[in-house]
2 protein chains.
Amino acid sequence: MNKSIIAQLTEAFCCLPGVGPKSAQRMVLHLLERDREGGQHLSECLAEAMLKVGHCERCRNFSEAPLCEICSSARRDESLVCVVESPADVLAIEQTGHYQGFYFVLMGNLSPIDGIGPTELGIDRLLARCDNDVNEVIMALASTVEGEATTHYISEALKQQGVRVSRIAQGVPLGGELEYIDGGTLSHALNGRQTL
Amino acid sequence: MNKSIIAQLTEAFCCLPGVGPKSAQRMVLHLLERDREGGQHLSECLAEAMLKVGHCERCRNFSEAPLCEICSSARRDESLVCVVESPADVLAIEQTGHYQGFYFVLMGNLSPIDGIGPTELGIDRLLARCDNDVNEVIMALASTVEGEATTHYISEALKQQGVRVSRIAQGVPLGGELEYIDGGTLSHALNGRQTL
């Protein structure tokens, strides 16, 4: 016998991150009982997004147009490029409202073991773009082993081109109590101390 | 300016229970980055379910056919009907594998203040159905104020028809330690004690 539509939908919901069989069932019953319109709307938005969202030609971020909103903005500072790992990082930095430059989204980190080299991350494109008007490239990758390796690779290549490279500060988070902060972070914070 | 497709999809995800803007964003980026096929499939399942899933004519549970799987099964015990509040309760009882009778799903509880009376819950249909072959009706509603009121209303009506009515046991849950159980549950458990 074929699976019922409800069982199929419950399974389909399980492809979402953080959603297991129990929450999937709750979602299905909620939509069926109380929000069929919302479910219909979600279905349409999903279909459209999966089909139409591609990558920005310039920064590789997700975009439905050839150039994303940020790259096609005239108000941004052309001389600054911030290199991040994923579109979520762009959203996080944009939410601070403090950064006015452009981005470059690697969509991953160097990982030779998975076959992800400089070409897969579009690093050649980043280097080509940083030839002319760019004054400074800000590296904002995670401080994991892969992130550090990628930061090192890119910054070396950019320095050879004569571009100024910086990285975001590593230290204690705002409101963090010293006694609960791990040793690695603390020693980075000590090394990166600034004169008052 | 119109909202981007990604922003629209993120908002649409927020209609799911337990999903706020942050998890919605995580879902959208996950699907776009890693599972477009899954997203496409989810969209199709959703559209189909929202359109095609209705209610079983007999038990009012969700069903794509006029009669649900349980009601159209020939292996079930015709003499037993279990009254529950929602389709999730049916799934929970079915998972025990212990119950072989039929169900009646109220899709809510009596709540005169919200305009939900016996007709809205299909209680007339339940009474009509319990005329002939049904030996026992098992009430399995929550022991909230509304649940208790609904249980009382239905059991009185059924008793007048001469049908035997029971309710599922209230007591300490399996593996529950006495010291952590609330007083109300404990006094129910004492009252409902059984001879060994």
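Residues numbered from 1 in each chain as written. Chains lettered and ligands numbered in written order. Predicted model: local features only at pLDDT ≥ 70, side-chain atom pairs only at ≥ 80, totals over all residues. Heavy atoms only, no water.

S.K.: Residues and numbers for the interface of chain B and chain A, please.
M.R.: Each partner contributes to the interface: chain B provides 45 residues, whereas chain A provides 45 residues. For the pair chain B and chain A, the two sides together bury roughly 4,600 Å², of which 72% comes from carbon and sulfur. For the interface between chain B and chain A, the tally reads zero salt bridges. Taken together, the links from chain B to chain A amount to nine residue pairs in polar contact (both at pLDDT 80 or more). Listed by contribution, the elements that provide at least two residues to the side of chain B that touches chain A are helix H1 (5-13), helix H2 (21-34), helix H3 (36-52) and helix H4 (87-96) of chain B. For the side of chain B that touches chain A, the per-class residue count stands at 26 nonpolar, eleven polar and eight charged. (Contact = heavy atoms within 4.5 Å. Buried area = accessible area lost by both parts, 1.4 Å probe. Salt bridge = Lys/Arg side-chain N within 4 Å of Asp/Glu carboxyl O. Polar contact = N/O pair within 3.5 Å; in protein donor to acceptor, adjacent residues only side chain to side chain. Helix = DSSP H or I, 4+ residues; strand = E, 2+ residues; numbered from the N terminus. Nonpolar A, V, L, I, M, F, W, Y, C, P; charged D, E, K, R; others polar.)

S.K.: Could you give me a rundown of the packing of helix H3 (residues 36-52) of chain A against H3 of chain B, with the residues and numbers involved?
M.R.: Packing of H3 of chain A against H3 of chain B brings their axes to within 8 Å, and their N-to-C directions diverge by 150 degrees. With respect to each other, H3 of chain A and H3 of chain B are oriented roughly antiparallel. Handedness of the crossing formed by H3 of chain A with H3 of chain B: left-handed. Side by side, H3 of chain A and H3 of chain B meet where Arg36, Gly39, Gln40, Leu42, Ser43, Leu46, Ala47, Ala49 and Met50 of chain A of the first sit next to Arg36, Gly39, Gln40, Leu42, Ser43, Leu46, Ala47, Ala49 and Met50 of chain B of the second. Broken down by class, the residue content of the contact of H3 of chain A with H3 of chain B amounts to ten nonpolar, six polar and two charged. (Axes fitted to C-alpha atoms, helices over the stretch in contact; angles between N-to-C directions. Parallel < 35°, antiparallel > 145°, perpendicular 65-115°, else oblique. Left-handed = near helix turned anticlockwise from the far one by under 90°.)

S.K.: Talk me through the packing of aromatic side chains; I want residue IDs and the actual numbers.
M.R.: The tally for this structure, following the rule as stated, stands at two aromatic pairs over all chains. Lying over the aromatic face of phenylalanine 102 of chain B, arginine 58 of chain B brings its terminal NZ or CZ to 4.9 Å of the ring centre. (Phe/Tyr/Trp six-rings, centres within 6.5 Å; stacked < 30°, edge-to-face > 60°. Lys NZ or Arg CZ within 6 Å of the ring centre and 35° of its normal.)

S.K.: Quick rundown of the sheet that holds strand S5 (residues 136-139) of chain A? Include the residues and the values.
M.R.: Residues and elements named next belong to chain A. Strand order in the open sheet formed by four strands is S4-S3-S5-S6, and the pairing between neighbours is parallel. For this open sheet the edge positions go to strand S4 (102-105) and strand S6 (164-167), each flanked by a neighbour on one side alone. Strand-to-strand twist in this sheet, taken as the mean axis angle between neighbours without regard to direction, amounts to 25 degrees. Here S5 pairs with S6 via four bridges, running parallel. Opposite methionine 139, over in S6, you have arginine 167 as the bridge partner. On the sheet, helix H4 (residues 87-96) packs against strand S3 (80-84) and S4 and is oriented at approximately 155 degrees with respect to S4. (Pairing = 2+ DSSP bridges.)

S.K.: If you had to explain the side chain of asparagine 109 of chain B to someone new, which residues and values would you point to?
M.R.: Residues and elements named next belong to chain B. Among the structural elements, asparagine 109 can be located in the loop between strand S4 (102-105) and helix H5 (123-129). At a separation of 3.3 Å, a polar atom in the side chain of asparagine 109 contacts the side chain of threonine 150. The residues touching asparagine 109, leaving out its near neighbours within four places in the chain, are Glu85, Ile116, Leu121, Leu141, Glu146, Gly147 and Thr150.

S.K.: Residue-level account of the relation of the copies chain B and chain A, with values.
M.R.: By a simple turn and slide, chain B fits onto chain A: the slide is 0.0 Å along the axis, the RMSD is 0.0 Å, and the turn is 180 degrees. Look at the turn and shift together and you get a two-fold axis relating the two. Across chain B, the smallest distance between a C-alpha and the rotation axis is recorded for serine 43 of chain B, namely 2.2 Å. (Least-squares fit on C-alpha atoms with pLDDT ≥ 70 in both.)

S.K.: Outline the side chain of glutamine 25 of chain B, listing residues and values.
M.R.: With respect to the helices and strands, the residue glutamine 25 of chain B is situated in helix H2. Take glutamine 25 of chain B: its relative accessible area is 16%, and that puts it in the buried class. Apart from the residues lying within four places of it in its own chain, the contact partners of glutamine 25 of chain B are Ala88 and Leu91 of chain A together with Thr10 of chain B. (Buried < 20%, exposed > 50% of the residue type's maximum accessible area, 1.4 Å probe, protein only.)

S.K.: Explain the pattern of salt bridges to me, using residue names and the numbers behind them.
M.R.: Residues and elements named next belong to chain B. Evaluation of the coordinates by the stated rule reveals 16 salt bridges over all chains. Measuring nitrogen to oxygen at the nearest pair gives 2.6 Å for the salt bridge that ties glutamate 11 to lysine 3. Between arginine 167 and glutamate 148 there is a salt bridge, with its nearest N and O atoms 3.2 Å apart. Here glutamate 148 lies in helix H6 (residues 145-160) and arginine 167 lies in strand S6 (residues 164-167), a separation of 19 residues in the sequence. For arginine 167, a relative accessible area of 34% corresponds to the partly exposed category. Residue glutamate 148 is classed as partly exposed on the basis of its relative accessible area of 29%.

S.K.: Help me get a handle on the packing of helix H1 (residues 5-13) of chain A against H3 of chain B, residues and values and all.
M.R.: Remark: H1 of chain A packs on H3 of chain B, axes separated minimally by 9 Å, with the N-to-C direction vectors making an angle of 145 degrees. Judged by the twist between their axes, the crossing of H1 of chain A over H3 of chain B is left-handed. Listed contacts from H3 of chain B to Ile5, Gln8, Leu9, Ala12 and Phe13 of chain A of H1 of chain A are His41, Leu42, Cys45, Leu46, Glu48, Ala49, Met50 and Lys52 of chain B. Here the residues of the contact of H1 of chain A with H3 of chain B are counted per class, giving nine nonpolar, two polar and two charged.

S.K.: Describe the domain arrangement of chain A, naming the residues involved and giving the relevant values.
M.R.: You can read the domains of chain A as domain 1 (5-52) and domain 2 (77-167). Just the C-alpha atoms count here: the centres of domain 1 of chain A and domain 2 of chain A sit 35 Å apart. (Domains from an automatic or database assignment.)

S.K.: Lay out the pairing of strand S5 (residues 136-139) of chain B with the relevant residues and their values.
M.R.: Residue and element names in this part refer to chain B. Here S5 shows no split at all, with Glu136 and Ile138 on one side and Val137 and Met139 on the other all buried. In this sheet, S5 lies alongside strand S3 (residues 80-84) in parallel orientation, the contact comprising four bridges. Bridge pairing in S5 places cysteine 82 opposite isoleucine 138. Considered for its hand, the β-α-β crossover made up of S5, H6 and S6 is right-handed. (Right-handed = clockwise from strand over helix to strand, strands pointing away.)

S.K.: Describe the pairing of S3 of chain B, with residues and values.
M.R.: Residues and elements named next belong to chain B. Judged by how many residues are buried, S3 sits mostly within the fold: five of five residues are covered. Neither face of S3 is exposed, since Leu80, Cys82 and Val84 on one face and Val81 and Val83 on the opposite face are all buried. Strand direction decides the pairing type here: S3 and S4, joined by four bridges, are parallel. Each bridged residue has a counterpart across the sheet, and for valine 84 the counterpart in S4 is valine 105. Where the polypeptide runs from S3 across H4 and back to S4, its parallel neighbour, the crossover connection is right-handed.

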